[in-house]
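So the chains spell out like this:
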Amino acid sequence: MKLNIENSWLKILESEMGKKYFQDLIYFIKNQYVDKICYPPSDLIFSAFNHCSLDNVKVVIIGQDPYHGPNQANGLCFSVDSKLKHPPSLINIFKEISNNLNYEIRKNGNLLDWSKQGVLLLNSVLTVENGFPGSHSGKGWEIFTDYILKLISTNKKNVVFMLWGGFAKKKENLITKKNNLILKTGHPSPLSANRGHWFGNKHFIKCNDYLIKNGFEPIKW
């Protein structure tokens, strides 16, 4: 089982990853990947970090846990590999981007290009068992990713945190509001979006306006 994480993150997370809860978590995950089918592939568990160094983080999007169907999860929240059909939430994300920025609706569901531009696509729980959403919740991932949110918001400034839906909004208390921007709206899933809680949030315009105002390159969504 491969568990690799980019060096700039490894240096700052080394002490956290040495704690008992994290060691217990990794023991649990390794056994799960041996005994059951789990996602994403083990070498992609830390993809959100491996393609977006701490120094490069400009935007944080928070998901709950990975897609639990075959071949979907690639370690980046809301993202799927380019050849796959887009999940409903991702379809609605792309519709909102198109409405915000007058783009054609994006066809590539792999958000790796966002990650490389400084968008940390962070699920709160980084792994899941096939067919069982939330199956790896409460095992320690939330402690680890909550620590990362606090780390980013206290050590960087002018970061945009996008909190979509009730679960993500609960993370607001972890974020230092001074010198950062928090954008909140409903979840892009059809259930929320069709009730009027997603479309028209203008998050992608607001994010880029804030980045430009603070001297950063906007994201090419």
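For the structure, check the block above.
Predicted model, so just to flag it, every value in this text is computed and none were measured. (Residues numbered from 1 in each chain as written. Predicted model: local features only at pLDDT ≥ 70, side-chain atom pairs only at ≥ 80, totals over all residues. Heavy atoms only, no water.)

Asker: What is the right way to look at helix α2 (residues 20–35) in this model?
Answerer: Within an α-helix, residues lying three or four positions from one another point in the same direction, as the helix has 3.6 residues per turn. A rise of 1.5 Å per residue sets the reference length of α2, with its 16 residues, at 22 Å; its end C-alpha atoms lie 23 Å apart and thus fit the reference within 8%. The complete set of buried residues in α2 reads Tyr21, Phe22, Leu25, Ile26, Phe28, Ile29, Gln32 and Tyr33. The buried residues of α2 occupy an angular sector of 165° when the element is viewed end-on, so they sit on one face. Turned more than 90 degrees away from the buried face of α2, the exposed residues are Lys20, Tyr27, Val34 and Asp35. On its buried face, α2 is in contact with α1 (7–17), β1 (38–39), β4 (128–129) and α6 (141–155). (Helix = DSSP H or I, 4+ residues; strand = E, 2+ residues; numbered from the N terminus. Expected span 1.5 Å × (residues − 1). Buried < 20%, exposed > 50% of the residue type's maximum accessible area, 1.4 Å probe, protein only. Arc of directions from axis to C-beta. Contact = heavy atoms within 4.5 Å.)

Asker: Got a minute to help me understand the environment of tyrosine 67 in this structure?
Answerer: Relative to the assigned elements, tyrosine 67 resides in the loop between β2 (59–63) and α4 (88–101). Judged by relative accessible area, which is 18%, tyrosine 67 ranks as buried. Excluding anything up to four places from it in sequence, tyrosine 67 contacts Tyr39, Gln72, Ala73, Phe78, Ser79, Val80, Pro87, Leu90 and Val128. Within the structure, the side chain of tyrosine 67 is placed 2.8 Å from the backbone oxygen of phenylalanine 78, a separation counted as a polar contact. (Polar contact = N/O pair within 3.5 Å; in protein donor to acceptor, adjacent residues only side chain to side chain.)

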